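Chain by chain, the residues:
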Amino acid sequence: MQLRDGAFADHSDRDLRSRAAKVAKIAASEAELVDQAARFPAGAVSAMRSQRLLGAAIPCELGGEAASIRTLAEICYSLGRACASSAMIFAMHHTKLACLIRHGRGEACLDAILRRIADEQLLLASSTTEGNTGGNVRASAAAIRRDGGRVSLDRAATVISYGAEADGIVTIARRADDAAASDQVLCLFLKADYTLERLNGWETLGMRGTCSDGYRLIAEAAAEQVLSARYGDIHAQTMTPVSHILWSSAWAGIAASAVEKAQAFTRTAMRGAGGVAPPGALHYARAVSTLKQARALIGQAIGRFEAAAGDPAALSAMDFQTAITMLKVEVSDLAVATVMSAMRANGLAGYRLDGAFALGRELRDILSAPIMIHNDRIVANLATATLMTPVAASLAD
(Lines give C-alpha, C1' and ligand atoms only; values in the text may rest on other atoms or scores of the structure.)
Protein backbone atom coordinates (compact mmCIF):
# COMPACT_ATOMS: atom_id res chain seq x y z
CA MET A 1 0.00 0.00 0.00
CA GLN A 2 1.57 3.22 -1.13
CA LEU A 3 1.07 6.81 -0.04
CA ARG A 4 0.73 9.45 -2.74
CA ASP A 5 0.88 13.20 -2.84
CA GLY A 6 -1.84 15.82 -2.92
CA ALA A 7 -3.77 16.54 -6.08
CA PHE A 8 -2.78 13.33 -7.86
CA ALA A 9 -4.07 11.21 -4.99
CA ASP A 10 -7.34 13.15 -4.79
CA HIS A 11 -7.96 12.88 -8.53
CA SER A 12 -7.07 9.20 -8.64
CA ASP A 13 -9.27 8.35 -5.64
CA ARG A 14 -12.26 10.18 -7.14
CA ASP A 15 -11.75 8.32 -10.39
CA LEU A 16 -11.56 4.97 -8.60
CA ARG A 17 -14.74 5.69 -6.65
CA SER A 18 -16.51 6.71 -9.85
CA ARG A 19 -15.51 3.46 -11.51
CA ALA A 20 -16.56 1.54 -8.39
CA ALA A 21 -20.03 3.13 -8.62
CA LYS A 22 -20.40 1.57 -12.06
CA VAL A 23 -19.47 -1.82 -10.62
CA ALA A 24 -21.92 -1.36 -7.75
CA LYS A 25 -24.75 -0.70 -10.21
CA ILE A 26 -24.08 -4.02 -11.93
CA ALA A 27 -23.65 -5.80 -8.58
CA ALA A 28 -27.05 -4.51 -7.42
CA SER A 29 -28.74 -5.70 -10.60
CA GLU A 30 -27.70 -9.31 -10.01
CA ALA A 31 -27.71 -9.40 -6.19
CA GLU A 32 -31.05 -11.20 -5.84
CA LEU A 33 -30.09 -13.96 -8.28
CA VAL A 34 -26.66 -14.31 -6.70
CA ASP A 35 -28.32 -14.81 -3.32
CA GLN A 36 -31.11 -17.11 -4.46
CA ALA A 37 -28.87 -19.49 -6.40
CA ALA A 38 -25.72 -19.12 -4.26
CA ARG A 39 -24.13 -18.02 -7.52
CA PHE A 40 -20.78 -16.32 -7.93
CA PRO A 41 -21.42 -12.65 -8.86
CA ALA A 42 -19.83 -13.01 -12.27
CA GLY A 43 -21.23 -9.77 -13.63
CA ALA A 44 -19.87 -7.69 -10.75
CA VAL A 45 -16.43 -9.30 -10.88
CA SER A 46 -16.30 -8.90 -14.64
CA ALA A 47 -17.08 -5.21 -14.09
CA MET A 48 -14.30 -4.99 -11.49
CA ARG A 49 -11.95 -6.27 -14.18
CA SER A 50 -13.20 -3.95 -16.91
CA GLN A 51 -12.97 -0.99 -14.52
CA ARG A 52 -9.48 -2.19 -13.53
CA LEU A 53 -10.26 -2.29 -9.82
CA LEU A 54 -8.60 -5.63 -9.03
CA GLY A 55 -5.12 -4.12 -9.38
CA ALA A 56 -6.00 -0.75 -7.88
CA ALA A 57 -3.76 -1.05 -4.80
CA ILE A 58 -0.68 -2.22 -6.70
CA PRO A 59 2.08 0.43 -6.87
CA CYS A 60 2.06 2.60 -9.99
CA GLU A 61 5.50 1.40 -11.08
CA LEU A 62 4.11 -2.17 -11.19
CA GLY A 63 1.07 -1.20 -13.25
CA GLY A 64 -1.44 -0.37 -10.54
CA GLU A 65 -2.82 2.86 -9.13
CA ALA A 66 -1.51 2.77 -5.53
CA ALA A 67 -5.05 3.05 -4.15
CA SER A 68 -5.14 4.03 -0.48
CA ILE A 69 -6.76 1.91 2.23
CA ARG A 70 -9.32 4.71 2.59
CA THR A 71 -10.34 4.42 -1.05
CA LEU A 72 -10.52 0.63 -0.90
CA ALA A 73 -12.74 0.91 2.20
CA GLU A 74 -15.06 3.34 0.39
CA ILE A 75 -15.33 0.89 -2.50
CA CYS A 76 -16.21 -1.92 -0.07
CA TYR A 77 -18.89 0.28 1.47
CA SER A 78 -20.31 1.12 -1.96
CA LEU A 79 -20.35 -2.53 -3.01
CA GLY A 80 -21.82 -3.60 0.34
CA ARG A 81 -24.85 -1.39 -0.30
CA ALA A 82 -25.34 -3.20 -3.61
CA CYS A 83 -24.35 -6.86 -3.08
CA ALA A 84 -22.77 -8.27 0.07
CA SER A 85 -21.00 -11.13 -1.70
CA SER A 86 -19.42 -8.81 -4.27
CA ALA A 87 -18.20 -6.54 -1.47
CA MET A 88 -16.65 -9.39 0.49
CA ILE A 89 -14.96 -10.80 -2.60
CA PHE A 90 -13.42 -7.40 -3.29
CA ALA A 91 -12.36 -7.10 0.38
CA MET A 92 -10.78 -10.56 0.52
CA HIS A 93 -8.94 -10.06 -2.77
CA HIS A 94 -7.46 -6.74 -1.66
CA THR A 95 -6.50 -8.06 1.77
CA LYS A 96 -4.34 -10.73 0.15
CA LEU A 97 -3.02 -8.24 -2.37
CA ALA A 98 -2.04 -5.87 0.46
CA CYS A 99 0.00 -8.66 2.09
CA LEU A 100 1.86 -9.36 -1.17
CA ILE A 101 2.53 -5.66 -1.76
CA ARG A 102 3.75 -4.82 1.74
CA HIS A 103 5.74 -7.98 2.44
CA GLY A 104 6.71 -9.34 -0.98
CA ARG A 105 7.46 -6.22 -2.99
CA GLY A 106 11.07 -6.04 -4.13
CA GLU A 107 11.35 -9.80 -4.65
CA ALA A 108 11.71 -10.28 -8.41
CA CYS A 109 9.30 -13.20 -8.72
CA LEU A 110 6.58 -11.51 -6.69
CA ASP A 111 7.03 -8.17 -8.44
CA ALA A 112 6.51 -9.96 -11.75
CA ILE A 113 3.32 -11.55 -10.43
CA LEU A 114 2.05 -8.20 -9.13
CA ARG A 115 2.62 -6.73 -12.61
CA ARG A 116 0.66 -9.63 -14.07
CA ILE A 117 -2.20 -9.14 -11.58
CA ALA A 118 -2.40 -5.47 -12.57
CA ASP A 119 -2.15 -6.18 -16.28
CA GLU A 120 -4.54 -9.14 -16.44
CA GLN A 121 -6.75 -8.10 -13.49
CA LEU A 122 -6.33 -11.47 -11.80
CA LEU A 123 -8.63 -12.36 -8.89
CA LEU A 124 -6.97 -13.74 -5.73
CA ALA A 125 -8.78 -16.06 -3.33
CA SER A 126 -7.89 -16.68 0.30
CA SER A 127 -7.25 -19.99 2.03
CA THR A 128 -6.53 -19.53 5.73
CA THR A 129 -8.78 -22.09 7.45
CA GLU A 130 -8.10 -25.80 7.84
CA GLY A 131 -10.51 -28.41 9.12
CA ASN A 132 -8.43 -29.49 12.09
CA THR A 133 -7.35 -26.07 13.40
CA GLY A 134 -10.80 -24.96 14.54
CA GLY A 135 -10.68 -21.74 12.54
CA ASN A 136 -7.48 -20.55 14.21
CA VAL A 137 -5.54 -18.89 11.38
CA ARG A 138 -2.42 -18.64 13.54
CA ALA A 139 -1.97 -22.41 13.53
CA SER A 140 -1.43 -24.50 10.41
CA ALA A 141 -1.49 -28.27 9.97
CA ALA A 142 -0.24 -28.62 6.40
CA ALA A 143 3.41 -27.82 5.73
CA ILE A 144 5.38 -26.50 2.79
CA ARG A 145 7.78 -29.10 1.36
CA ARG A 146 10.87 -27.97 -0.52
CA ASP A 147 12.66 -29.80 -3.30
CA GLY A 148 15.44 -27.72 -4.80
CA GLY A 149 13.88 -24.62 -6.31
CA ARG A 150 10.33 -25.95 -6.01
CA VAL A 151 7.80 -26.12 -3.19
CA SER A 152 4.65 -28.19 -2.77
CA LEU A 153 1.65 -28.12 -0.47
CA ASP A 154 -1.23 -30.50 0.21
CA ARG A 155 -3.83 -28.72 2.32
CA ALA A 156 -7.38 -29.58 3.38
CA ALA A 157 -9.14 -26.21 3.44
CA THR A 158 -12.49 -25.93 5.21
CA VAL A 159 -13.39 -23.01 2.97
CA ILE A 160 -11.79 -21.27 0.02
CA SER A 161 -14.06 -18.40 -0.89
CA TYR A 162 -14.73 -18.28 -4.65
CA GLY A 163 -11.87 -20.79 -5.04
CA ALA A 164 -13.24 -22.28 -8.25
CA GLU A 165 -13.51 -18.81 -9.82
CA ALA A 166 -10.18 -17.36 -8.72
CA ASP A 167 -7.02 -16.91 -10.79
CA GLY A 168 -4.79 -17.56 -7.81
CA ILE A 169 -4.90 -18.55 -4.15
CA VAL A 170 -2.98 -16.99 -1.28
CA THR A 171 -2.64 -19.43 1.60
CA ILE A 172 -0.77 -20.02 4.83
CA ALA A 173 1.14 -23.14 5.84
CA ARG A 174 3.72 -24.37 8.29
CA ARG A 175 7.22 -23.39 7.21
CA ALA A 176 8.34 -27.06 7.08
CA ASP A 177 7.33 -30.52 8.28
CA ASP A 178 9.25 -30.09 11.53
CA ALA A 179 8.00 -26.54 12.19
CA ALA A 180 5.59 -25.63 14.95
CA ALA A 181 1.97 -25.00 13.97
CA SER A 182 2.46 -21.27 14.54
CA ASP A 183 5.68 -21.07 12.48
CA GLN A 184 3.92 -20.12 9.28
CA VAL A 185 4.61 -18.71 5.85
CA LEU A 186 2.39 -17.03 3.25
CA CYS A 187 2.31 -18.60 -0.20
CA LEU A 188 0.95 -17.44 -3.54
CA PHE A 189 -0.14 -20.03 -6.08
CA LEU A 190 -1.49 -19.12 -9.51
CA LYS A 191 -4.11 -21.24 -11.24
CA ALA A 192 -1.57 -23.24 -13.23
CA ASP A 193 0.18 -24.16 -9.95
CA TYR A 194 -2.64 -26.06 -8.24
CA THR A 195 -5.62 -28.34 -8.43
CA LEU A 196 -8.73 -28.26 -6.24
CA GLU A 197 -10.67 -31.31 -5.06
CA ARG A 198 -14.04 -30.27 -3.67
CA LEU A 199 -14.64 -31.49 -0.11
CA ASN A 200 -17.89 -29.75 0.85
CA GLY A 201 -20.37 -27.21 -0.44
CA TRP A 202 -21.62 -23.79 0.68
CA GLU A 203 -25.31 -23.85 1.58
CA THR A 204 -25.57 -20.96 4.04
CA LEU A 205 -28.08 -18.39 5.21
CA GLY A 206 -26.18 -15.44 3.73
CA MET A 207 -23.05 -14.42 1.84
CA ARG A 208 -24.11 -17.15 -0.53
CA GLY A 209 -22.42 -15.69 -3.59
CA THR A 210 -18.95 -15.97 -2.05
CA CYS A 211 -19.19 -19.68 -2.98
CA SER A 212 -16.90 -20.63 -0.09
CA ASP A 213 -16.71 -24.36 -0.72
CA GLY A 214 -14.15 -26.56 1.01
CA TYR A 215 -11.33 -28.00 -1.08
CA ARG A 216 -8.24 -30.09 -0.92
CA LEU A 217 -5.59 -27.76 -2.34
CA ILE A 218 -2.69 -29.55 -4.04
CA ALA A 219 -0.06 -27.09 -5.24
CA GLU A 220 3.45 -26.95 -6.63
CA ALA A 221 5.32 -23.79 -7.61
CA ALA A 222 8.61 -21.95 -7.60
CA ALA A 223 10.13 -21.54 -4.13
CA GLU A 224 10.11 -17.76 -4.63
CA GLN A 225 6.30 -17.82 -4.41
CA VAL A 226 6.64 -18.40 -0.68
CA LEU A 227 7.17 -15.02 0.96
CA SER A 228 10.36 -14.73 2.96
CA ALA A 229 8.67 -12.61 5.65
CA ARG A 230 7.39 -14.34 8.80
CA TYR A 231 3.65 -14.84 8.64
CA GLY A 232 3.36 -13.61 12.23
CA ASP A 233 4.57 -10.20 11.06
CA ILE A 234 2.35 -10.27 7.96
CA HIS A 235 -0.65 -11.18 10.10
CA ALA A 236 -0.13 -8.40 12.64
CA GLN A 237 1.03 -5.62 10.33
CA THR A 238 -1.19 -6.17 7.28
CA MET A 239 -3.56 -9.15 7.27
CA THR A 240 -5.47 -8.21 10.42
CA PRO A 241 -5.72 -4.43 9.96
CA VAL A 242 -6.55 -4.52 6.25
CA SER A 243 -9.07 -7.35 6.53
CA HIS A 244 -10.80 -5.80 9.54
CA ILE A 245 -11.04 -2.39 7.88
CA LEU A 246 -12.29 -3.73 4.55
CA TRP A 247 -14.67 -6.31 6.03
CA SER A 248 -16.08 -3.70 8.38
CA SER A 249 -16.59 -1.31 5.48
CA ALA A 250 -18.49 -3.97 3.55
CA TRP A 251 -20.67 -4.73 6.58
CA ALA A 252 -21.35 -1.03 7.09
CA GLY A 253 -22.44 -0.91 3.46
CA ILE A 254 -24.93 -3.72 4.04
CA ALA A 255 -26.24 -1.85 7.08
CA ALA A 256 -26.51 1.34 5.02
CA SER A 257 -28.65 -0.49 2.47
CA ALA A 258 -31.00 -1.53 5.28
CA VAL A 259 -31.15 2.01 6.69
CA GLU A 260 -31.93 3.37 3.23
CA LYS A 261 -34.89 1.00 2.93
CA ALA A 262 -36.07 1.88 6.44
CA GLN A 263 -35.89 5.56 5.59
CA ALA A 264 -37.91 5.02 2.42
CA PHE A 265 -40.52 2.98 4.31
CA THR A 266 -40.81 5.55 7.12
CA ARG A 267 -41.23 8.43 4.66
CA THR A 268 -43.87 6.50 2.72
CA ALA A 269 -45.76 5.60 5.90
CA MET A 270 -45.72 9.21 7.11
CA ARG A 271 -47.06 10.50 3.81
CA GLY A 272 -49.89 8.00 4.00
CA ALA A 273 -50.70 9.01 7.60
CA GLY A 274 -50.73 12.75 7.08
CA GLY A 275 -47.30 13.30 8.58
CA VAL A 276 -47.74 11.04 11.61
CA ALA A 277 -44.70 8.85 12.25
CA PRO A 278 -45.34 5.08 12.11
CA PRO A 279 -44.82 2.92 15.25
CA GLY A 280 -41.43 1.76 14.00
CA ALA A 281 -39.94 5.24 13.59
CA LEU A 282 -38.02 4.86 16.86
CA HIS A 283 -36.27 1.81 15.43
CA TYR A 284 -35.36 3.76 12.31
CA ALA A 285 -33.69 6.40 14.50
CA ARG A 286 -31.75 3.66 16.28
CA ALA A 287 -30.62 2.23 12.95
CA VAL A 288 -29.33 5.63 11.87
CA SER A 289 -27.44 6.01 15.15
CA THR A 290 -25.76 2.59 15.14
CA LEU A 291 -24.73 3.01 11.50
CA LYS A 292 -23.10 6.33 12.38
CA GLN A 293 -21.22 4.63 15.22
CA ALA A 294 -19.95 1.90 12.89
CA ARG A 295 -18.82 4.41 10.28
CA ALA A 296 -17.04 6.49 12.93
CA LEU A 297 -15.15 3.45 14.22
CA ILE A 298 -14.03 2.57 10.70
CA GLY A 299 -12.88 6.13 10.06
CA GLN A 300 -10.86 6.13 13.28
CA ALA A 301 -9.27 2.79 12.42
CA ILE A 302 -8.30 3.97 8.94
CA GLY A 303 -6.67 7.08 10.37
CA ARG A 304 -4.75 5.07 12.92
CA PHE A 305 -3.61 2.55 10.32
CA GLU A 306 -2.50 5.29 7.94
CA ALA A 307 -0.52 6.97 10.72
CA ALA A 308 1.28 3.74 11.61
CA ALA A 309 1.64 2.34 8.09
CA GLY A 310 5.38 2.90 7.76
CA ASP A 311 6.24 1.72 11.27
CA PRO A 312 6.23 -2.07 11.85
CA ALA A 313 6.70 -1.58 15.60
CA ALA A 314 3.65 0.68 15.82
CA LEU A 315 1.57 -1.77 13.79
CA SER A 316 2.58 -4.65 16.07
CA ALA A 317 2.08 -2.70 19.31
CA MET A 318 -0.54 -4.07 21.71
CA ASP A 319 -2.60 -0.86 21.71
CA PHE A 320 -2.90 -0.88 17.92
CA GLN A 321 -3.58 -4.63 17.76
CA THR A 322 -6.28 -4.35 20.42
CA ALA A 323 -8.00 -1.49 18.61
CA ILE A 324 -7.86 -3.07 15.16
CA THR A 325 -8.95 -6.46 16.48
CA MET A 326 -11.93 -4.98 18.31
CA LEU A 327 -12.90 -3.02 15.18
CA LYS A 328 -14.11 -6.26 13.62
CA VAL A 329 -16.03 -7.26 16.75
CA GLU A 330 -17.64 -3.87 17.35
CA VAL A 331 -18.58 -3.06 13.76
CA SER A 332 -19.99 -6.52 13.12
CA ASP A 333 -22.22 -6.23 16.20
CA LEU A 334 -23.26 -2.66 15.31
CA ALA A 335 -24.06 -3.70 11.74
CA VAL A 336 -26.29 -6.54 12.95
CA ALA A 337 -28.02 -4.16 15.37
CA THR A 338 -28.52 -1.64 12.55
CA VAL A 339 -30.15 -4.14 10.22
CA MET A 340 -32.34 -5.53 13.01
CA SER A 341 -33.50 -2.01 13.88
CA ALA A 342 -34.25 -1.34 10.23
CA MET A 343 -36.23 -4.59 10.07
CA ARG A 344 -38.30 -3.53 13.09
CA ALA A 345 -38.82 -0.08 11.57
CA ASN A 346 -40.23 -1.66 8.41
CA GLY A 347 -42.33 -4.23 10.26
CA LEU A 348 -44.04 -6.75 8.03
CA ALA A 349 -42.87 -4.91 4.91
CA GLY A 350 -39.30 -5.63 5.97
CA TYR A 351 -40.05 -9.17 7.05
CA ARG A 352 -41.58 -10.09 3.72
CA LEU A 353 -39.37 -11.66 1.06
CA ASP A 354 -40.80 -9.43 -1.66
CA GLY A 355 -41.40 -5.73 -2.08
CA ALA A 356 -39.28 -2.60 -2.09
CA PHE A 357 -38.82 -2.61 1.70
CA ALA A 358 -37.85 -6.28 2.18
CA LEU A 359 -34.76 -6.76 4.34
CA GLY A 360 -34.36 -10.53 4.46
CA ARG A 361 -31.23 -10.60 2.29
CA GLU A 362 -29.51 -7.84 4.26
CA LEU A 363 -30.31 -9.59 7.54
CA ARG A 364 -29.06 -12.98 6.40
CA ASP A 365 -25.89 -11.50 4.93
CA ILE A 366 -25.05 -9.38 7.97
CA LEU A 367 -25.48 -12.28 10.39
CA SER A 368 -22.30 -13.70 8.87
CA ALA A 369 -20.29 -10.78 10.28
CA PRO A 370 -20.00 -11.92 13.93
CA ILE A 371 -20.14 -15.64 13.08
CA MET A 372 -18.01 -16.59 10.07
CA ILE A 373 -14.87 -15.53 11.94
CA HIS A 374 -16.34 -15.86 15.40
CA ASN A 375 -16.33 -12.80 17.63
CA ASP A 376 -16.12 -14.97 20.76
CA ARG A 377 -12.88 -16.58 19.55
CA ILE A 378 -11.41 -13.16 18.69
CA VAL A 379 -12.27 -11.66 22.07
CA ALA A 380 -11.00 -14.73 23.96
CA ASN A 381 -7.66 -14.57 22.13
CA LEU A 382 -7.42 -10.85 22.77
CA ALA A 383 -8.19 -11.28 26.45
CA THR A 384 -5.33 -13.77 26.79
CA ALA A 385 -2.93 -11.47 24.95
CA THR A 386 -3.74 -8.47 27.15
CA LEU A 387 -3.64 -10.16 30.56
CA MET A 388 -0.17 -8.79 31.30
CA THR A 389 -0.93 -5.29 30.01
CA PRO A 390 -1.31 -2.70 32.81
CA VAL A 391 -4.70 -1.06 33.16
CA ALA A 392 -4.54 2.67 32.37
CA ALA A 393 -4.02 4.76 35.50
CA SER A 394 -5.61 7.89 34.02
CA LEU A 395 -7.73 9.04 31.09
CA ALA A 396 -4.62 10.47 29.40
CA ASP A 397 -2.57 7.25 29.55
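As the structure is a prediction and not an experimental result, all values here were calculated from the model.

Observations concerning the overall build of the protein
Now for step 1: A tally of regular secondary structure across the protein gives 12 helices and 7 strands.
Now for step 2: Taken over the C-alpha atoms alone, the protein extends approximately 80 × 55 × 50 Å along its principal axes.
Now for step 3: Burial analysis of the protein (397 residues in total) assigns 54% to the buried set.
Now for step 4: Within the protein, counting contacts between residues at least 6 apart in sequence, those at least 24 apart form 76% of the total.
Now for step 5: Of the roughly 16,900 Å² of accessible surface on the protein, 56% is carried by carbon and sulfur atoms.

Focus on the pairing of strand S4 (residues 168–174)
Now for step 1: With 7 of 7 residues buried, S4 lies mostly within the body of the structure.
Now for step 2: Note that S4 and strand S5 (residues 184–190) share 7 bridges and pair antiparallel. In the sheet register, Ala173 faces S5, and the bridge partner there is Val185.

A short note on the nonpolar core
Now for step 1: In terms of nonpolar packing, the biggest core is built from 118 residues, with Ile144, Leu186, Phe189, Ile245, Leu246, Trp251 and Ile366 touching the most fellow members.
Now for step 2: Residues in contact with Leu246, not counting those within four places in the same chain, are Ile69, Leu72, Ala73, Cys76, Ala91, His94 and Thr95.

Some words on the confidence of the model for the protein
Now for step 1: The pLDDT averaged across the protein works out to 93; a share of 96% of its residues lies at or above 70.
Now for step 2: Here residues 1–8 scores under 50 on pLDDT; set against residues more than four positions off or in separate chains, the count is 20 contacts.

Observations concerning the side chain of Arg208
Now for step 1: If you trace the backbone, Arg208 turns up in the loop between strand S6 (194–200) and strand S7 (214–222).
Now for step 2: Within the structure, Arg208 has its side chain in polar contact with the backbone oxygen of Thr204 (distance 2.9 Å).
Now for step 3: If we skip the residues at most four places from it in the chain, Arg208 touches Asp35, Gln36, Ala37, Ala38, Ser85, Trp202, Glu203, Arg364 and Asp365.

Focus: the packing of helix H9 (residues 318–346) against helix H12 (residues 375–385)
Now for step 1: Following both chains from N to C, one finds H9 and H12 inclined at 160°, their axes separated by 10 Å at the closest point. If you check the angle between H9 and H12, you find them roughly antiparallel. By crossing handedness, the relation of H9 to H12 is classed as left-handed. For the pair formed by H9 and H12, the contact residues are Met318, Thr322, Thr325, Met326, Lys328, Val329, Ser332 and Asp333 on the first element and Asn375, Ile378, Val379, Leu382 and Ala385 on the second.
Now for step 2: Each residue belonging to the contact of H9 with H12 can be placed in one class, and the counts come to 7 nonpolar, 4 polar and 2 charged.

Some thoughts on empty space enclosed by the protein
Now for step 1: On inspection of all chains with the given rule, the structure shows 2 cavities of 30 Å³ or more.
Now for step 2: In this structure, the second largest cavity occupies an estimated 60 Å³ of space.
Now for step 3: Together, Ala31, Val34, Asp35, Cys83, Ala84, Ser85, Met207, Arg208, Gly209, Arg361 and Asp365 line the second largest cavity.
Now for step 4: For the lining of the second largest cavity, the secondary-structure elements that each account for two or more residues are helix H1 (6–37), helix H4 (84–104) and helix H11 (360–366).
Now for step 5: For the lining of the second largest cavity, the leading source of residues is H1, giving 3 residues.
Now for step 6: Across the lining of the second largest cavity, the residue classes break down as 5 nonpolar, 2 polar and 4 charged.

Quick look at the sheet that holds S4
Now for step 1: Pairing within the open sheet is mixed, and its 3 strands lie in the order S1-S4-S5. The two strands at the open ends of the sheet, each matched to only one other strand, are strand S1 (124–127) and S5. The mean angle between the axes of side-by-side strands here comes to 25°, regardless of whether they run parallel or antiparallel.

About the criteria used
- Residues numbered from 1 in each chain as written.
- Predicted model: local features only at pLDDT ≥ 70, side-chain atom pairs only at ≥ 80, totals over all residues.
- Heavy atoms only, no water.
- Helix = DSSP H or I, 4+ residues; strand = E, 2+ residues; numbered from the N terminus.
- Buried < 20%, exposed > 50% of the residue type's maximum accessible area, 1.4 Å probe, protein only.
- Contact = heavy atoms within 4.5 Å.
- Areas by Shrake-Rupley, 256 points an atom, 1.4 Å probe, with all protein chains shown as cover.
- Pairing = 2+ DSSP bridges.
- Core = buried A, V, L, I, M, F, W, Y, C linked by side-chain atoms within 4.5 Å.
- pLDDT = per-residue confidence, 0-100.
- Polar contact = N/O pair within 3.5 Å; in protein donor to acceptor, adjacent residues only side chain to side chain.
- Axes fitted to C-alpha atoms, helices over the stretch in contact; angles between N-to-C directions.
- Parallel < 35°, antiparallel > 145°, perpendicular 65-115°, else oblique.
- Left-handed = near helix turned anticlockwise from the far one by under 90°.
- Nonpolar A, V, L, I, M, F, W, Y, C, P; charged D, E, K, R; others polar.
- 1 Å grid on protein atoms, 1.4 Å probe; cavity = no way out; pocket = protein on both sides within 12 Å on 5 of 7 lines; lining within 4 Å.
- Points joined across faces, edges and corners; volume = space filled by probe spheres on them.

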